[in-house]
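Here is how the chains run, residue by residue.
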Amino acid sequence: MSRKKILIDLYKIKDLYTGLGQFSVNFAQEIAKHQDKDFHFTFLVPSGATSLPENVPVVRANSLRRYFPILNSGFDVWHSLHQFPSHFPSRSIRQILTIHDLNFLTEKSPAKAAVYLQRLQRNVERAHCITTISDYTRHHLLQHIPVSQKVSVVHNGVALPEVAPQKLAGIEGKFFFSLSVFKKAKNFEVLIPLMKFFPAYRLIIAGNHQTAYGAEIKKMIQEEGLENQVLLPGTVSDAEKLWLYQNCAAFLFPSLAEGFGLPVIEAMMCGKPVVLSRCTCLPEIGGNVAFYFDDFAVENMAKTIENVLRAYEARSEILSEQIADYAKRYSWKECIKGYLLIYDGICKF
């Protein structure tokens, strides 16, 4: 049997410090391990992409490939790693479309959300196979779009960066940690007044805060007089991120819209208690080893965190081991195994 020729669309690695960027770059590293007698992979990458596996050939994304899909031929399967690809295969190629979330339904205005939904509908209709990264996303998709194909759930793989942890400069004492892109759905504003209940702790929110929502958060910090207690270091390196996970008292994630919640599992892999909202996929991903905010009233949130700290301090070794063991289910080995089965199945049609 000839090798199955599969193109993986890695265009989103251009946005490296986002969930999609991290998913794409790690997917590339893991799938490259299966370049063998059964599978021949090729990566579609943006101009300037570097640090890719050497054993996998690449094609560069460009305007010709974008607007003339007929040029994107010569493959058995085309895997779009996100729901709004900028490049499509020729019609003769079987396409797999991976859908991460429908967060645009709440993040965009009703008019823009309708446009995005129509666009997603067209992408779904074009694909031969649909995957989602959580069961929540699968149900959300089926609620809003008629889908004739089978929808398979393949949870994201997660792995901590293989680097030596590096202390973030200027950080001393106990602190809570949070990490994400700065947009309204991340709900960071509920964490700011919360810190008045924890004067012995700092709050570090990492991520690119050069956004409109980042400006709102900075203003809120100033108005609350918490400039010395709430720190926004911006985008941190992998080494700094690892140190923050390993040394935080708890990871706080009050997000209102997630398709998976990658930082949640990264924190769990370090054995740290995570405190999450009960929104979207987070209860599915965090399971029964996570802690949850039942609402966002500041007094209730403070009480939840106090209970978490008390429980964790009393049984830190046992709880840390339980949390880290739970996180192992989201390995890249299991994630890639799921996609290889899909590749194999779609090539048999």
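So, here is what we can say about the structure in this document. (Residues numbered from 1 in each chain as written. Predicted model: local features only at pLDDT ≥ 70, side-chain atom pairs only at ≥ 80, totals over all residues. Heavy atoms only, no water.)

Topic: the sheet that holds strand S9 (residues 201-206)
Put simply, the test is: Two strands form a pair only when DSSP identifies at least two bridges running between them. Numbering goes from the N terminus for both helices and strands, where a helix is a DSSP run of H or I of at least four residues and a strand is a run of E of at least two.
Across the sheet, which stays open at both edges, the six strands sit in the order S10-S9-S8-S11-S12-S13 with parallel pairing between neighbours. Strands at the two margins of the open sheet, each flanked by one partner only, are strand S10 (230-234) and strand S13 (291-292). Of the strand pairs in this sheet, strand S12 (residues 274-276) and S13 are connected by two bridges, and their pairing is parallel. Considered in S13, the bridge of Leu276 is made with Tyr292.

Examining the nonpolar core
Here is the rule we go by: What we call a nonpolar core is a set of buried Ala, Val, Leu, Ile, Met, Phe, Trp, Tyr and Cys residues that are connected through their side-chain atoms within 4.5 Å. Only protein chains enter the accessibility calculation, which uses a 1.4 Å probe; a residue is then buried when its area is under 20% of its type maximum, exposed when over 50%, and partly exposed in between. Any pair of residues with heavy atoms lying within 4.5 Å of one another is described as a contacting pair.
In terms of nonpolar packing, the biggest core is built from 39 residues, with Phe177 and Met268 touching the most fellow members. Of all the elements in the fold, those that place two or more residues in this core are strand S8 (174-179), S9, helix H7 (238-247), strand S11 (250-253), helix H8 (262-269), S12, helix H9 (282-286) and helix H11 (316-327). It is H8 that contributes the most residues to this core, five residues altogether. Aside from chain neighbours lying at most four places away, what touches Phe177 is Ile204, Ala206, Lys241, Leu244, Tyr245, Cys248, Ala250, Phe251 and Leu252. Counting residues in hydrophobic clusters, the runner-up holds 29 residues, among them Leu10, Ile13, Cys335 and Leu340.

Digging into the pattern of salt bridges
Where we set the bar: The working definition used for a salt bridge is a side-chain nitrogen of Lys or Arg within 4 Å of a carboxyl oxygen of Asp or Glu.
In the structure shown here, the tally under the stated rule is 14 salt bridges. Of the charged contacts in the structure, one is a salt bridge between Lys37 and Asp38, with a shortest N-O distance of 3.6 Å. For Lys37, a relative accessible area of 65% translates into the label exposed. Between Glu189 and Lys184 there is a salt bridge, and its shortest N-O distance comes to 3.7 Å.

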